[in-house]
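Listed here are the chains, written in short residue letters.
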Amino acid sequence: MCFKVFLFLLGAVYINCQIVSAEVYIAELMVESNVTLNALTILGTLKNITDLTVTINASATYSISDSTLVAECLIVGDETQCNCSTGYIWSNQVCYNFNCCRESTCSRNVSSITPLCIAKDNVHINGSVIHPTPLLPSITTQLKNKFGELNGFESLNVTSQSNTVVGFEATVSVKFDTSKLQSIVTDLESTLAAVLWVDTVGMVTIESPNDKVCYESYPVLKCTFEEVSGSAGWNMSTQNQRFELNTGSVVKLDYSCATQEYKSCVAVTLQKVTGLWSGTYECGFTTGSVRHTAKAQLNVALLPDVITLTISPLTADCSEVSNKNYIKVTATIANSTDSFVVWWSLNGEGNNYVQNSTNGNNLVYNFYADVNCQKTTNPQYINVTFKNTVGHCMEHTRSARVDIPVIYSGEPFCSEDELWPKTPAGATVINRTCEAGRVGYKSRTCQGTTWMSVSSYCVSEQLNKVLSSADNFVKGLGATQDVAMAIFSGLKNSSTALLASDYSSSMADIRASVNVLDAMSTGSKNVALQDTLFPDFVNAASNMLNKTWDGANDSVVQTISSTYLQSVEGLVKNIKVNTSNGMNSSNLDLKFCSRSDCNISVFNINVNLNKTNGIMKTVAVKNLMDKLKHNSEMDSTSLLISATLENNNDSSLEIRLQFPQKLLNHKTKPVCVFWNTTDGEWSSVGCTAKTSDGNLTVCECNHLTSFSVLMAKRDISNPILDLITNVGLGVSICSLLIFLIVESLVWSAVVKTNLSHFRHTAIVNIAIFLLLGDCSFLASTSPQTLSETWCLVLTLCKHLFFLAMFSWMLCMSVMLVHQLIFVFSPLRKRVFMFFSSIAGYVCPMLIVGSSYVYCKYTNKPYYDKNTCWLVYGSLLEGSLHAFILPIGTVILTNLFSMVVVILTLLKSSASEGSKADDKETAKSILKVVVFLTPVFGVTWVIGFGMLLLEDYPTMLNIASYSFTILNSFQGLFLLITGVFAEQKVREELFKIIMGKSKGKTESTKNLNSITYTKDK
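Residues numbered from 1 in each chain as written. Predicted model: local features only at pLDDT ≥ 70, side-chain atom pairs only at ≥ 80, totals over all residues. Heavy atoms only, no water.

Engineer: Give a description of the packing of aromatic side chains that names residues and reports values.
Structural biologist: What characterises a pair of aromatic rings is the spacing of the ring centres plus the angle enclosed by the ring planes. One pass over the structure, following the stated rule, counts 19 aromatic pairs. Note on Phe534 and Phe537: the rings are 6.4 Å apart at their centroids and 40 degrees apart in plane angle, and the pair reads as tilted. Remark: Phe537 and Phe534 occur in helix H8 (residues 534-544); sequence separation between them is 3 residues, near one turn of the helix. When sorted by exposure, Phe534 lands in the same class as Phe537, which is buried. Put simply, the rings of Phe488, Phe534, Phe537 and Phe592 touch in pairs and so form one group of aromatic residues. Above the face of the Phe413 ring, Lys422 is positioned so that its terminal group lies 4.4 Å from the ring centre. Directly above the ring of Phe603 sits Lys622, whose terminal nitrogen or CZ lies 4.3 Å from the centroid. (Phe/Tyr/Trp six-rings, centres within 6.5 Å; stacked < 30°, edge-to-face > 60°. Helix = DSSP H or I, 4+ residues; strand = E, 2+ residues; numbered from the N terminus. Buried < 20%, exposed > 50% of the residue type's maximum accessible area, 1.4 Å probe, protein only. Lys NZ or Arg CZ within 6 Å of the ring centre and 35° of its normal.)

Structure below.
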């Protein structure tokens, strides 16, 4: 009997723009017949069938879109002849189980195998054989024989050969299981006593954008593989470089995209791509010695990553030119394969198109701008815009701006000084000329008519390359252990050269070196770095601290030092410890502890910590404390210590640090602090300071970070003073409230003359502003618990309210002098209220507002966040003088007024009527002025004197107690002076009290009389 078996491949595929829009199924149809059949006849029959009903769990109807003859078998008795159709090859199951491989006729009965034949695939194998001794010439034959065991094997060629390394490539026409290829590799390694590595191309499916992607878009590439793999990853190659990709600020890897069909998947999303990311992307799935790969090209519609604008001359001199001044502008970008439309505008007006010229590896655009010499308050500037010409990306542009300093006629300027041209006051000039071997720029600011010092941002070319590599590392481009080793090696070499560099450029290199540390600290959060980095890292970081950092202002140095500290701490925390025992250098001492009870010493400072698991990493740093920001009330010590834990899950910890007493100043009080990275300053929260035997300062903290000891110039937290302050303010506020209530009750009775009206108006305002000031003072007694905004608000309130209080005291004393001297020209109420409102309300607001704006404009601190009060720098330096000088003026004026009034009263004789009342009122006013001026004035004189007594502890303590007592009880003093010491107020208050008592007595008598009458 003769049977013919036909195997057909049936498919229903719907594809639209490479996206499958419906469920797709591929089926095989086997037809058996004992008569002669023609395959074309069956195919014709299938073409007439449009719908196919399939029943598995439930019936479903599918459309047949295509049918193909895959294999044909002729079975005659026990003899079988099977062949695959053209373009198909025996499946791996048929090949490895029945030894029917490649495209030969199979004489085994395999017709029931599914799949029987599969479509050919082009799979390339690239490999290398590494042997410690010269390889034999027969290795090519051995490789061919062994790889010939693969189904669909076509060829193998040796591509390179040396004594110990042989490179080869093989081609097969069918996909295979990784286990099969791995077994071949393992057998060859055993036979050859060598190491083999192989890569394949054609086993992995890659999805990538077909067209150019737009600048700063978010392209996604995805690779899938049918088997489970050991690891997966991405590489990116350009013409001259190859980078491994890891998660970073730009690269986001996703390993969670596997499906039931594709058991391994890795996708990469690139965030806001630039020209840097154009290249060939290769994904790979590795199992054992085998790596399956796929490649795709990603092209970015380019825009310039960096646009460098220069102007010549550096300033526009309109001091002698009345109309226009011509400035040459040059825009430089890196050479690009894409073309751009480029235009420029002056002050945002007009679009002037410009063409480029080539200058080496750069494209240069030159044009001239007419600067208007008519004075304007707005800065004049040039804006240059680049637009890509790629169709779907034409809306994307990139711009750069350069300001043009203009010297207007009659305006101040700085004269020409060597490289620096004549420059208008307040302008900063950029000069992009650096010394040989350096890149960057220099800047210099003209303040008034005086040049400030030159700020150099010219960095050594070698260090600039290291910084560029570190920036790529953060992005995820080349973020590997080997690249990190190269970066820290380059940083160490640059920092060593930094020690020998001149003063003018060292700060630029320090700033760039710290930026490298910062970048690597950020990158180390995503990439597991190993402890082989520690030697170069520690030496480089130590070298940076051997310089004084004197080439920048304090705020810049404080920012850089804070970044340095956080970067060093972050790197020490993130770098994994395997075999390292620590590292010591001149400025850094790094040690580790894996025991549960850690007790180690770094730079002679003992650190104790009990933990359940993990590794404690401790690094002590020298020569950094003086660069970090700290409270002016504190002196810094020479050391700080950073302690972190790796692989620890303890919910609570307590660390104990012992600082030798020789590090401390015995005249001051030690305060244990940690570096608050959020606020960028030291904080004592969670830390307490103790002393032991007078030889050690012990710090105990309930958290881990960077610690140090600061020296308080005085006892900044005295419980007795705190108690006096809180009690005194409470008494003062209650006294002021009582005083204001009394004034409201007796107002109509005691205010009978103009002079008494003036007196009570002034003293009520004094009481109100003192009350508000005391409330603000009480609200700011714990500055560490307040936000910066609230601290600023309370500082402004205290400044304003206390100034207003003294201003009304000034009004009262000046009014008294006027009334007693100018007897025949009495002061009218309207005039008094007008001038008093200006002096008591407007002037304090102007002083406070102008002092705050001045500090804001000059970048000087208006308030101290540690005290929520004004800042004292030195004599005539600091915002505190906006308070001290006005109240000093008031005190001196009041003292003068007292002398004048006393002399006038002694010479005058008693008079009758209203003049007698005026005289009594004048004496009352004099009592208030005589009593309150010393009290209020001396209080703030003592407060100012405390700033000058910092080197005299005994006197400072006396002044502290005096200031606290007088300041806290001012409200009580005002109550005594304004109520109990005033006869008229006392009498009227007594009348009110007695009147109410008398009224109650009369009511009682009337009630008794009515009752008696009824009884009768």
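Engineer: Can you lay out a nonpolar patch on the surface for me, pointing to particular residues and giving the numbers?
Structural biologist: On the surface, Phe834, Phe835, Ile838, Tyr841, Val842, Met845 and Leu846 cluster together to form a nonpolar patch covering roughly 690 Å² of accessible area. Position of Ile838 among the secondary structure elements: in helix H13 (residues 829-857). (Patch = residues over 30% accessible without salt bridge, like charges linked within 9 Å, V, L, I, M, F, W, Y side chains within 5 Å. Areas by Shrake-Rupley, 256 points an atom, 1.4 Å probe, with all protein chains shown as cover. Salt bridge = Lys/Arg side-chain N within 4 Å of Asp/Glu carboxyl O.)

Engineer: Please set out H13 residue by residue, giving values where relevant.
Structural biologist: Taking 1.5 Å of rise per residue, 29 residues should cover 42 Å, and H13 covers 40 Å from first to last C-alpha, within 8% of that figure. At Val842, H13 shows its largest kink, close to 35 degrees, and the proline Pro844 lies no more than four residues downstream. Looking at H13, one finds that the buried residues are Phe832, Ser836, Gly840, Pro844, Val848, Ser851 and Cys855. Looking one or two residues past H13, Asn859 carries a phi angle of roughly 60 degrees, positive in sign. (Expected span 1.5 Å × (residues − 1). Bend = angle between axes of the 7 residues up to and from the residue.)

Engineer: Explain the nonpolar core to me, and be specific about the residues and the numbers.
Structural biologist: Within the largest apolar cluster, 80 residues are counted, with the highest numbers of intra-cluster contacts made by Val129, Phe147, Trp234, Trp277 and Ile382. Apart from residues lying up to four places away in sequence, Ile382 is in contact with Leu309, Val329, Trp344, Ser345, Leu346, Phe367, Ala369, Ala400, Arg401, Val402 and Ile404. Among the nonpolar cores identified, the runner-up in size contains 57 residues, and Val466, Ala470, Ile510 and Met625 belong to it. (Core = buried A, V, L, I, M, F, W, Y, C linked by side-chain atoms within 4.5 Å. Contact = heavy atoms within 4.5 Å.)

Engineer: Give me the sheet that holds strand S32 (residues 380-388): which residues, what numbers.
Structural biologist: Taken in spatial order, the 4 strands line up as S29-S28-S32-S33 in an open sheet, and their pairing is antiparallel. A single partner strand is all that each edge strand has here, and the edge strands are strand S29 (349-353) and strand S33 (397-404). The mean angle between the axes of side-by-side strands here comes to 25 degrees, regardless of whether they run parallel or antiparallel. By the bridge criterion, 8 bridges tie S32 to S33 in an arrangement that is antiparallel. (Pairing = 2+ DSSP bridges. Axes fitted to C-alpha atoms, helices over the stretch in contact; angles between N-to-C directions.)

Engineer: Can you lay out the pairing of strand S46 (residues 605-610) for me, pointing to particular residues and giving the numbers?
Structural biologist: The side-chain alternation of S46 yields one buried face, formed by Ile605, Val607 and Leu609, and one unburied face, formed by Asn606, Asn608 and Asn610. Direction of pairing for strand S45 (residues 597-602) relative to S46: antiparallel, over a ladder of 6 bridges. Bridge pairing links Cys598 to Leu609 in S46. Where S45 folds back on S46, the antiparallel hairpin that results is connected by 2 residues, among which Phe603 adopts a positive phi of roughly 50 degrees. Bridge analysis of S46 against strand S49 (residues 655-660) gives 4 bridges, and the strand direction is antiparallel.

Engineer: How would you sum up the state of the cysteines? Please name residues and give values.
Structural biologist: One pass over the full model with this rule turns up 14 disulfides. Covalently, Cys84 is tied to Cys117 through a disulfide, its sulfur atoms 1.9 Å apart. Of note, the bridge from Cys84 to Cys117 carries an S-S torsion of about -75 degrees and is left-handed in sense. Here Cys117 lies in strand S10 (residues 117-119) and Cys84 lies in strand S8 (residues 79-84), a separation of 33 residues in the sequence. Comparing Cys84 with Cys117, the two get one shared label, buried. Across the disulfide from Cys672 sits Cys699; the S-S distance is 1.9 Å. The sign of the -80 degrees torsion about the S-S bond sets the Cys672-Cys699 disulfide as left-handed. One end of the pair, Cys672, is in strand S50 (residues 669-676); the other, Cys699, is in strand S53 (residues 696-701), and 27 residues separate them in sequence. (Disulfide = S-S within 2.5 Å.)

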